Amino acid sequence: MNKIINTALAGAATAITLLSGAASAAEWRGWNIHVEGYPNTVAMDKFAELVAEKTGGEITLQMFHGGTLGDQPDAIEQVRIGGLEIGNFNLGPIGPIAPEANVVSLPFIFKDVDHMFRVLDGEAGQKIAEGMSAKGLVPLAWYDAGARSFYNTDKPINTPADLQGMKVRVMNNDLYSGMISELGGNPSPMAFGEVYQALKTGVVDGAENNWPSYESTGHFEVAGYYSLSQHLIIPECVCVNADVFNGLTDEQKAALTEAAQESAVLQRELWSEREAASREKVEAAGVTINEIADKAPFQEAMAPVYEAYLSANPDLRPLVELIQATE
Ligand code: GTR
């Protein structure tokens, strides 16, 4: 009898502990598009570990990799409305939602990756972060995504004329469609996960991305010419739903921000290693890597893209000028 009562009491105590635990601990779900071993995947796993550690288990984060919770534009929307709490996003598909964040999608706006990080660490970065937060996405840290270049199935690209009539996959953002049109190609906005098949079956002739994504997706197997246009240098964020973030205590906010920033240090280290490793891998697989001797014609062709952006957002001209003036 006693034993039964004791067991029942122990069960009740466990239930109470579990219940009180559930009441104070928040369990979040996190989105990431990349495969196992990719720098962002490793860094987001580290982030989840640090969040649990730094909040003493008050917040735990379950990461869903490989885009299993949906494609990127959908996941961005989910984090905005609170269907998901957090994600690692490229600023490309955030641009159509937050015009300030769209400056980073102006082709050739950054001189190189270091310039991009200097901009993000300064006043312009602050404005971009505020613009995103106002749309429900609070960036906690910036990840590296290198420079994007064109790749295609049948020839090296040296001048805009080489893109004439070419169907090129872009991320969902009118700036990218405008960019391809101004170069004489046919833009084809499409989800990341569909690009391999589209290249393979000839739905598109080419796409554009950084070394690690070109390699990790296997796109190099079906589009064997990579031409170093480096036309876009787009940062990525660890972005949290604004209401969720604003509902945290100051300690939790600090813990979360610290965790994201520590994960970004790791991501950037892993990124530079992976860029080199990916390049080596695709080269060994027989990809033709093409240096573009003169990128000026590509840059000059972007004037209408800048004009379209600035006429739709005249108040953002100072932000563009601030970035261009940043050393
Ligand atoms: C990658 C980026 C992804 C996604 C992808 C794409 O470089 O890390 O978030 O934006 O490009 O082209 O869709």
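Residues numbered from 1 in each chain as written. Predicted model: local features only at pLDDT ≥ 70, side-chain atom pairs only at ≥ 80, totals over all residues. Heavy atoms only, no water.

**Looking at the confidence of the model for the protein chain**
Put simply, the protein chain has an average pLDDT of 94, and 93% of its residues get 70 or more. Between the elements of the protein chain, mean pLDDT differs from a low of 44, seen in helix H1 (residues 2-24), to a high of 99, seen in strand S8 (residues 206-209). Note that pLDDT drops below 50 for residues 1-23; the model gives that stretch zero contacts with residues more than four away or on any other chain. (pLDDT = per-residue confidence, 0-100. Helix = DSSP H or I, 4+ residues; strand = E, 2+ residues; numbered from the N terminus. Contact = heavy atoms within 4.5 Å.)

**A short note on the state of the cysteines**
Between two cysteines, a covalent bond joining their sulfur atoms is known as a disulfide. Evaluation of the coordinates by the stated rule reveals one disulfide. One disulfide in the model links Cys-237 with Cys-239; its S-S distance is 2.3 Å. Its S-S torsion of approximately -120 degrees makes the covalent link between Cys-237 and Cys-239 left-handed. Assessed through its relative accessible area of 0%, Cys-237 is described here as buried. Residue classification places Cys-239 among the buried positions, given a relative accessible area of 0%. (Disulfide = S-S within 2.5 Å. Buried < 20%, exposed > 50% of the residue type's maximum accessible area, 1.4 Å probe, protein only.)

**Points about the sheet that holds strand S4 (residues 137-143)**
Spatially, S2-S1-S3-S10-S4 is the arrangement adopted by the five strands of the open sheet, whose pairing is mixed. Only two strands of the sheet have a single partner each, and these edge strands are strand S2 (59-64) and S4. If you compare each strand with its neighbour and ignore which way they point, the axes differ by 25 degrees on average. With six bridges joining them, S4 and strand S10 (residues 236-241) adopt antiparallel strand pairing. Along S10, the bridge assignment pairs Pro-139 with Cys-239. Of the strands in this sheet, S2, strand S3 (86-90), S4 and S10 touch helix H2 (residues 39-54), which is tilted by about 160 degrees from S2. Lying over the sheet, helix H3 (residues 72-81) contacts strand S1 (26-31), S3, S4 and S10, oriented at roughly 135 degrees with respect to S3. (Pairing = 2+ DSSP bridges. Axes fitted to C-alpha atoms, helices over the stretch in contact; angles between N-to-C directions.)

**Here we look at helix H14 (residues 317-325)**
For H14, the complete set of buried residues consists of Leu-319, Val-320 and Ile-323. For H14, the angular spread of the buried residues around the axis is 100 degrees, confining them to a single face. Of the exposed residues in H14, the ones pointing more than 90 degrees away from its buried face are Pro-318 and Ala-325. Against the buried residues of H14 lie helix H4 (113-121), helix H5 (123-134) and helix H13 (303-312). (Arc of directions from axis to C-beta.)

**Description of the side chain of Ser-263**
Mapped onto the elements of the fold, Ser-263 is located in helix H11 (residues 250-284). Looking at Ser-263, the relative accessible area reads 0%, which means it is buried. A polar atom in the side chain of Ser-263 sits 2.7 Å from the side chain of Tyr-143. Within polar-contact distance, the side chain of Ser-263 engages the backbone oxygen of Ala-260 at 2.7 Å. Aside from chain neighbours lying at most four places away, what touches Ser-263 is Ala-43, Phe-47, Leu-50, Tyr-143 and Val-238. (Polar contact = N/O pair within 3.5 Å; in protein donor to acceptor, adjacent residues only side chain to side chain.)

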